[in-house]
Amino acid sequence: MCLPRSVLYTHYLDFCKQQSLTPVSAASFGKVIRQRFPNLTTRRLGTRGQSKYHYYGIGIKETSQYYNSVYVRRGLTRFSAASSGSCKKENGSSLYSPSSKTGTLLPDFPNVKQMVFPNGVPTEKVETFVMMYRTHCQRILDTVVRANFVEVQDFLVHFWQGMPGHLMPILKSRPLVEIVAVCDIITYQAVTEVLIPASLQSLPESLGQDIQHFARQLPHWLQQSMVDLPSTLCTMKIEVCEVFTKALRRQSALVHLAQAARGVLRNCDLVTQMLRDWRGMDMSMILMKFRFGVETNVDNGDTSAANSVESFGKACN
């Protein structure tokens, strides 16, 4: 039997969160595992480009809340789907874990060599900045994969407040600001794909809360880290960040709503009761009250609401 190292560490982080404990780093956790299980070996399993390190000779008890049949007995083979993305089962559906996306690389950033910059903006300095910025964004993505959202703030402060002096002048140039905007969009898209699961997977409650908190705090972290930097750059980054965080919060809420609906629809008694309640509703009275509310808009030439009422009335009849 075998178990992905990242999955075991994710379970440990979730346990610490539930018990209000301070977790150790992944490296320290690995040392503890090896001390506790001295006969344990490590193997790299999975398809080329998607392989992950596994603990070989360890599994999860069937009585554990983290039990998943994927990781028992013979475990994952070299050519099995190593990135299933589930860490445990709840009501028959897989719970999603960002650790399933460990090793995710950012798509290519804009190629500076193919661009033409105005006088006073050295291409080699822009190229150096973009290379540094890609490393910075990859670190943020790796941190999000580990669900260690608080560390993102440290990376932001370290990068922007530690900007080399010889690169500061180019931060004022409009072309560089636009390049940063494109890079941010690419990074945020990758972060979204890591955090938001497929429609058939459920989001653990603790992870959903962390995502919502991360989305609320990220604009503030970014603003605090960019103190004394060019206003054009700061404004652009904040605008792109706010678009991302709003979309992330909406998608997270939608996943949560889908999970709640799925739980209800699987309960035959609840579905029967919903149908009974629906059939017992006085639709004619509801439509009459709604028509009264939209008469003012119709008088002003806005017939969209009235048309919606008529369409709904026909569907109910």
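Residues numbered from 1 in each chain as written. Predicted model: local features only at pLDDT ≥ 70, side-chain atom pairs only at ≥ 80, totals over all residues. Heavy atoms only, no water.

Relative to the 30 Å expected for 21 residues at 1.5 Å per residue, helix H6 (residues 205-225) spans 29 Å between its end C-alpha atoms, a close match to the ideal helical length. For H6, the principal kink sits at Gln-217 and spans about 35°; a proline, Pro-219, occurs within the next four residues. Residues Ser-206, Leu-207, Gly-208, Ile-211, Gln-212, Phe-214, Ala-215, Leu-218, Pro-219, Trp-221, Leu-222 and Ser-225 constitute the buried set of H6. (Helix = DSSP H or I, 4+ residues; strand = E, 2+ residues; numbered from the N terminus. Expected span 1.5 Å × (residues − 1). Bend = angle between axes of the 7 residues up to and from the residue. Buried < 20%, exposed > 50% of the residue type's maximum accessible area, 1.4 Å probe, protein only.)

Let us look at helix H2 (residues 26-36). Those residues of H2 not exposed but buried are Phe-29, Gly-30 and Ile-33. Along the axis of H2, the buried residues cluster in a sector spanning 100°; they form a single face. Every exposed residue of H2 that faces more than 90 degrees away from the buried side is listed here: Ala-27, Lys-31 and Gln-35. (Arc of directions from axis to C-beta.)

We now examine the packing of aromatic side chains. Under the criterion given, the structure shown has 10 aromatic pairs. Summarising the aromatic geometry, the rings of Tyr-133 and Phe-159 are spaced 5.6 Å apart at their centres and angled 50° between planes, so their arrangement reads as tilted. Of this pair, Tyr-133 sits in helix H3 (residues 123-145) while Phe-159 sits in helix H4 (residues 150-161), placing them 26 residues apart in sequence. Across this residue pair, the class does not change: Tyr-133 and Phe-159 are buried. Three or more aromatic residues link up through ring pairs in this structure, and these residues are Phe-129, Tyr-133, Phe-159 and Trp-160. A cation over an aromatic ring shows up here: Arg-36 above the ring of Phe-37, its NZ or CZ 5.2 Å from the ring centre. The positively charged end of Arg-134 is found above the aromatic ring belonging to Phe-109, 5.4 Å away from the centroid. (Phe/Tyr/Trp six-rings, centres within 6.5 Å; stacked < 30°, edge-to-face > 60°. Lys NZ or Arg CZ within 6 Å of the ring centre and 35° of its normal.)

Turning our attention to the pattern of salt bridges. Pairing is possible between side chains of opposite charge, provided their charged atoms come close. One pass over the structure, following the stated rule, counts 4 salt bridges. Here Arg-146 makes a salt bridge to Glu-151, at a shortest N to O gap of 3.5 Å. By relative accessible area, which is 38% here, Arg-146 ends up partly exposed. A relative accessible area of 24% means that Glu-151 is categorised as partly exposed. As a salt-bridge pair, Glu-178 and Arg-174 come within 3.5 Å of each other at their nearest N and O atoms. Note that Glu-178 and Arg-174 are positioned in helix H5 (residues 174-195) at a spacing of 4 residues, about one turn of the helix. Its relative accessible area of 46% is what places Glu-178 among the partly exposed residues. (Salt bridge = Lys/Arg side-chain N within 4 Å of Asp/Glu carboxyl O.)

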